[in-house]
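Residue-level structure breakdown
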Amino acid sequence: MPDDETPGIDANEGDVMAGDRRIARADTALPDWYISDAAYRPIPIAWFAGALILQVITQPLVFALFQSFSGWAVMAAGVVVTGLIARFTWRRGMADAGMGWKIATMAMLLFFLSLTILIGLTRI
């Protein structure tokens, strides 16, 4: 309402300007471009999802590449690839994640490895 506005007070009073851009306001004391909540915080689900995608893609590739070899070669290659994915995931930051994320990641990796091992066992 027009009656509630105080005459003579500028709404932009106290703003710190840099040319045409306001870099701070008197009521917040923070620049407009600084948003502390938007800082990147790595989260375990991103590492889990990355490991899942790698495992889902690489295990069929292991079978496709090693199908002409014995079942032992398929199983060994599956174990090596799973170990590399686990190592990569732990170095990315899963080592600092909660125990639940670690268990879920290992369970997922072992589940998909078990599928490759089952395929290898049928070829022995």
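What you are looking at is a predicted structure, and each value in this text was computed from that prediction instead of being measured.

Details of the overall build of the protein chain
- For the protein chain, the count of helices and strands is 3 helices and 2 strands.
- When the helices and strands of the protein chain are read in sequence order from the N terminus, they spell out β-β-α-α-α.
- By residue count, 23% of the 124 residues in the protein chain fall in the buried class.
- Taking the intrachain contacts of the protein chain between residues at least 6 apart in sequence as the baseline, contacts between residues at least 24 apart amount to 59%.

Thoughts on the packing of helix 1 (residues 44–66) against helix 2 (residues 71–92)
- The contact between helix 1 and helix 2 brings their axes to 9 Å, and the two run at 160°. Overall, the two elements helix 1 and helix 2 adopt an arrangement that is roughly antiparallel. For the pair helix 1 and helix 2, the sense of crossing is right-handed. Two secondary-structure elements touch here, helix 1 through A46, W47, G50, A51, L54, Q55, T58, Q59, V62, F63 and F66 and helix 2 through A73, V74, A77, G78, V81, T82, I85, F88, T89 and R92.
- Looking at side-chain class alone, the contact of helix 1 with helix 2 contains 13 nonpolar, 7 polar and 1 charged residues.

Some points on the nonpolar core
- Judged by nonpolar contacts, W47, F48, A51, I85, A86, M94, A97, M108 and L109 together constitute the single largest core of 9 residues.
- Secondary structure elements with two or more residues in this core: helix 1, helix 2 and helix 3 (99–122).
- Those residues within four positions of A51 in sequence are excluded, and the remaining contacts are I85, T89, T105, M108 and L109.

Observations regarding a nonpolar patch on the surface
- The grouping of W72, F111, L115, L118, L121 and I124 at the surface amounts to a nonpolar patch, some 650 Å² of accessible area in total.
- The element contributing the most residues to the nonpolar patch is helix 3, with 4 residues.
- Within the secondary structure, F111 is located in helix 3.

Some thoughts on the confidence of the model for the protein chain
- Averaged over every residue, the pLDDT of the protein chain is 83; residues scoring 70 or more account for 69%.
- Mean pLDDT across the elements of the protein chain ranges from a minimum in strand 2 (residues 21–24), with 64, to a maximum in helix 2, with 96.

Concerning the side chain of T89
- Assignment of secondary structure puts T89 in helix 2.
- For T89, a relative accessible area of 1% translates into the label buried.
- A polar side-chain atom of T89 sits 2.8 Å from the main-chain carbonyl oxygen of I85.
- In contact with T89, other than residues within four places in its own chain, are W47, A51, M94 and T105.

Things to note about the packing of aromatic side chains
- What the rule picks out here adds up to 3 aromatic pairs.
- Pairing F66 with F69 gives two aromatic rings, centres 5.7 Å apart and planes at 45°, and the pair type is tilted.
- Relative accessible area serves as the criterion here: at 30%, F66 is assigned to the partly exposed category.

Procedures and definitions
Residues numbered from 1 in each chain as written. Predicted model: local features only at pLDDT ≥ 70, side-chain atom pairs only at ≥ 80, totals over all residues. Heavy atoms only, no water. Helix = DSSP H or I, 4+ residues; strand = E, 2+ residues; numbered from the N terminus. Buried < 20%, exposed > 50% of the residue type's maximum accessible area, 1.4 Å probe, protein only. Contact = heavy atoms within 4.5 Å. Axes fitted to C-alpha atoms, helices over the stretch in contact; angles between N-to-C directions. Parallel < 35°, antiparallel > 145°, perpendicular 65-115°, else oblique. Left-handed = near helix turned anticlockwise from the far one by under 90°. Nonpolar A, V, L, I, M, F, W, Y, C, P; charged D, E, K, R; others polar. Core = buried A, V, L, I, M, F, W, Y, C linked by side-chain atoms within 4.5 Å. Patch = residues over 30% accessible without salt bridge, like charges linked within 9 Å, V, L, I, M, F, W, Y side chains within 5 Å. Areas by Shrake-Rupley, 256 points an atom, 1.4 Å probe, with all protein chains shown as cover. Salt bridge = Lys/Arg side-chain N within 4 Å of Asp/Glu carboxyl O. pLDDT = per-residue confidence, 0-100. Polar contact = N/O pair within 3.5 Å; in protein donor to acceptor, adjacent residues only side chain to side chain. Phe/Tyr/Trp six-rings, centres within 6.5 Å; stacked < 30°, edge-to-face > 60°.

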